[in-house]
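# Understanding the architecture of this molecule
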Amino acid sequence: MTGRERPSESDDCPVPDLERLTLSEKVGQLVGAYVGSMGDTELSVDDAAALVRDEGVGTIAAFGIGISPHRDPLRVAEIANRLQRVAIEETRHGIPLLLPVDAVHGHAYVDGATVFPHGLGVAATRNPANARLAGEITAAEMRATGANLNYGPTCDVARDPRWGRTFETFGESPLLCGAFAGATVRGLESEADGPRVAATAKHFPAYGDPAGGEDAAAVDRSASTLHRLFLPPFARAIDAGASVVMPCYNSIDGEPAHGSRRYLTELLRERLGFDGAVASDWGGIDHLHEDHRVTASQRDSARTAVDAGLDLISIGRDEYTAHIRDLVESGDLSEARIDDAVARILELKASLGLFEDPYVDIERVRTTVGASAHRRAALQAARESQTLLENDGVLPLADDLDSILVAGPNADSLRNQYGGWSVQDPDPDSGTTVLEGIADRAGDETTVRYERGATVGERADLEAVADAAADADVAVVAVGEGWYYHEFGPKGLVGSTGEFPTRSRLELPAAQRDLLEAVHETGTPLAVVAIAGRPLALSWTADNADALLYSYYPGSEGGEAIADVLFGDVDPAGRLPISVPRSAGDLPSAFNHVAHPTPIGADEHPDTYDPLYAFGDGESYTEFACSDLSVADSRIGSAESITASVTVENVGDRPGDRAVDCFLRDDVSSRVRPVREHVGFARVSLEPGESTTAEMTIPNDALAVTDSRGRTTVEPGSFTLSCDGRSTTVTVERSDERSH
């Protein structure tokens, strides 16, 4: 289900009956286009308007994508109104347009918009309220500029951190991915701050474990793993009300998702009960004949995809309108299938209120995009995401320091703080860099000196860095990755092929390592801030730096948030949503790997799960003690959930937040299961000496064994529940035992 009622005949909205639409008019509603240049193809706003007028195209990605030249929010709103006016006034039925954007961490492809941390950072907060509020604010800024369909959230579970889209995800835990994706959907689809936007759960059914970490490579996983690991976040997003689902580029078990009836109809619609629209990813249909080679031509790909259950060909343009018309007229594609898809698209547009009022008030842009309240929310999310992994006492920084050196490729770069799916050259006033945050926070008597020392991949005057470090009381060096999306591209804007970041290495490149060593050799205390989209293998830093703060891609307010944590104004409480491996050669490193034997001689090697930093790691400036893990009932029936609680006490001398994660192990099961599964989490705020009880509900399906057909069964027996070094046992009784 989408969580939305379909408009009935009595609804007071001018939705045209399908009987009144010609075949060409219906086909137009199933096809989209974009504004911008890609390869040899370039479409202007005039070209897009012509496609709406002449071909009846019903979806236009006019802005909010990397290829679009339009970034100014006022201009964007004007374009949206112009295109809607063409659709309303210059076509026979006046059907309004869907105007989609990639707003995966705020409306970040528009200048001055509020940019939240990317998915990994938000999940590190262990506070889904941040995701919901980000969704509400993103929706408000989108609708102010005319956009009404968000190609997000990302529901993928990241299983290979080499993958270039890891930063978009909420990590390696299906529980986190589902909780935060669901919260994001509720925010986008709510009407808390004006009209809602349609959320897209992507990329169904399994994108986050491509072979070798190569974007769009085959996901060669068993059926039981697909159901156990990858589908739960999509189920949560659908239950939360996602209006649209987008397939992944990959093939799974030999079937490309974009052309698979097995996945788009049998699994998505019949099994998960989704009744909304299915929209293609960018070139997903062309991939069927160009790359997967399961079809012979573009026309054949169109037939295969629509037959499989696809409703919207997102960038098909007039090429695909011609193909689909011909397929129906030749009898190769049924018009009933077309009618079914068109009905979903019209229902979506009606539910968004576009038939009543498709236009936007241009003046709302000035008061909505990047509003101060929105940026405060992004700042809070960035603060809560900061994850302290090392601290030998150098943090928090003292207020009476004489001098601070700030260095590194990510110290003075909003672009790198934003990460991909954002404007490439943010206005300096649209956010705060690490350098600016430290300079603003440092006392008047403290000198803050900046020496870059390196770009992401090249050295830059290390002698000056060493001289400055020798004179400083402390050095803060911001390292990591820059702006990229997909397979670390687009090349030309990011770097040359083979340059960091790449799939082959997770370690910092030589230029950044040399920078850290140059500072370290001076003996000045070294605090490293890692701004990156993936869990980088920072073994040298772990061994040699005095502090390591993992900041993910923290967004527009990241510099202020990082400074707040460095100086101790905010207690760091982020927890890793993904394991940090020792190197790319040590993969896989996920905490919930499947149990297996240890053959003779294997004990001479590291354990399967031996990361540099474990899922859930994160330190604080104060100290906490967790005790008294208990359950409401230690013996439950096979259909019951577990209510667990743990006492958390702040035994330090500073106020702070503490996030806790709860894990479950099935002690004996009919199928091999993970060594532990993430089943609950909570975050509490405590004053010194204060304690509280954190409660978590472990849903019944978390206890279940999943078979190859996706069927789940809660088997009788004992389960071990653990949280922060404490454990307890829950017994699931047989039904006959329970009845007695």
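Residues numbered from 1 in each chain as written. Predicted model: local features only at pLDDT ≥ 70, side-chain atom pairs only at ≥ 80, totals over all residues. Heavy atoms only, no water.

## A closer look at the overall build of the protein chain
What the protein chain contains, in helices and strands, is 21 helices and 29 strands. In summary, the protein chain has a C-alpha radius of gyration of 26 Å against a globular reference of 27 Å for 740 residues, a match within 12%. Principal axes of the C-alpha set define a box for the protein chain whose edges measure 75 × 70 × 50 Å. Per-residue burial for the protein chain yields a buried fraction of 61% across its 740 residues. Considering only residue pairs separated by 6 or more positions, the protein chain has 77% of its internal contacts joining residues 24 or more positions apart. Surface summary for the protein chain: the accessible area is close to 26,900 Å², and the carbon and sulfur share equals 43%. Taken together, the 64 basic and 121 acidic charged side chains of the protein chain have centroids lying 6 Å from each other. (Helix = DSSP H or I, 4+ residues; strand = E, 2+ residues; numbered from the N terminus. Rg over C-alpha atoms; globule rule 2.2 N^0.38 Å. Buried < 20%, exposed > 50% of the residue type's maximum accessible area, 1.4 Å probe, protein only. Contact = heavy atoms within 4.5 Å. Areas by Shrake-Rupley, 256 points an atom, 1.4 Å probe, with all protein chains shown as cover. Lys, Arg positive; Asp, Glu negative; His and termini not counted. Charge placed at Lys NZ, Arg CZ, Asp CG, Glu CD.)

## Focus on the pattern of salt bridges
Counting across every chain of the model gives 44 salt bridges. Close ionic contact of Glu384 with Arg683 constitutes a salt bridge, the shortest N to O distance being 3.9 Å. You can see Glu384 sitting in helix H14 (residues 372–385) and its partner Arg683 sitting in strand E24 (residues 677–686), a full 299 residues away along the chain. For the residue pair Glu384 and Arg683, the accessibility class agrees, reading buried in each case. Residues Asp514 and Arg459 are paired through a salt bridge, measuring 2.6 Å at the closest nitrogen-oxygen approach. Placement of Asp514 in helix H18 (residues 510–520) and of Arg459 in strand E16 (residues 459–460) is noted, with a sequence separation of 55 residues between them. According to the relative accessible area criterion, Asp514 is partly exposed, its value standing at 21%. Three or more residues joined by partner-sharing salt bridges are found here, namely Arg269, Asp311, Arg337, Asp340 and Arg344. (Salt bridge = Lys/Arg side-chain N within 4 Å of Asp/Glu carboxyl O.)

## Side note on the sheet that holds strand E22 (residues 642–650)
Hydrogen bonds along the backbone pair up the strands of a sheet, which may run parallel or antiparallel. Across the sheet, three strands lie side by side as E20-E22-E25; this open sheet has antiparallel pairing. Either end of the sheet is taken by a strand with one partner, and the two such strands are strand E20 (624–631) and strand E25 (691–698). Going across the sheet, the axis of each strand differs from the next one's by a mean of 20 degrees, ignoring polarity. With eight bridges joining them, E22 and E25 adopt antiparallel strand pairing. What sits directly across from Ile642, in E25, is Ile698. (Pairing = 2+ DSSP bridges. Axes fitted to C-alpha atoms, helices over the stretch in contact; angles between N-to-C directions.)

## Brief notes about the pairing of E24
Here E24 lies mainly inside the structure; nine of its ten residues are buried. When strand E23 (residues 656–666) meets E24, the two strands line up antiparallel, connected through nine bridges. Bridging from a neighbouring strand, Phe663 pairs with His678 of E24.

## Overview of the sheet that holds strand E8 (residues 244–247)
As summarised here, the arrangement of the five strands in space is E5-E6-E7-E8-E11, forming an open sheet in which the pairing is parallel. In this open sheet, the two strands that pair with only one neighbour each are strand E5 (100–101) and strand E11 (277–278). In this structure, strand E6 (residues 149–150) lies alongside strand E7 (residues 198–204), joined through two bridges in parallel fashion. Its bridge partner being in E7, Asn150 is matched across the sheet by Ala199.

## What about the nonpolar core?
The biggest cluster of nonpolar side chains holds 112 residues, and the ones touching the most others in it are Ile60, Leu83, Phe180, Phe204, Ile324 and Ile338. With nine residues, helix H6 (residues 174–189) is the single largest residue contributor to this core. Every residue in contact with Ile60, bar those within four places of it in the chain, is listed here: Ala33, Val35, Ala48, Val52, Leu83, Leu97, Leu98, Leu99 and Pro100. Core analysis: the second largest hydrophobic core is formed by 38 residues, Leu120, Ala407, Val465 and Val479 among them. (Core = buried A, V, L, I, M, F, W, Y, C linked by side-chain atoms within 4.5 Å.)

## A look at the layout of surface pockets
Here the largest pocket defines a volume of roughly 1,000 Å³. Lining the largest pocket are 37 residues; nearest its centre among them are Pro232, Arg236, Pro699, Asp701 and Ala702. Elements with a minimum of two residues in the lining of the largest pocket: H6, helix H7 (223–239), helix H8 (261–271), E24 and E25. Tallying contributions element by element places H7 first for the lining of the largest pocket, with eight residues. (1 Å grid on protein atoms, 1.4 Å probe; cavity = no way out; pocket = protein on both sides within 12 Å on 5 of 7 lines; lining within 4 Å. Points joined across faces, edges and corners; volume = space filled by probe spheres on them.)

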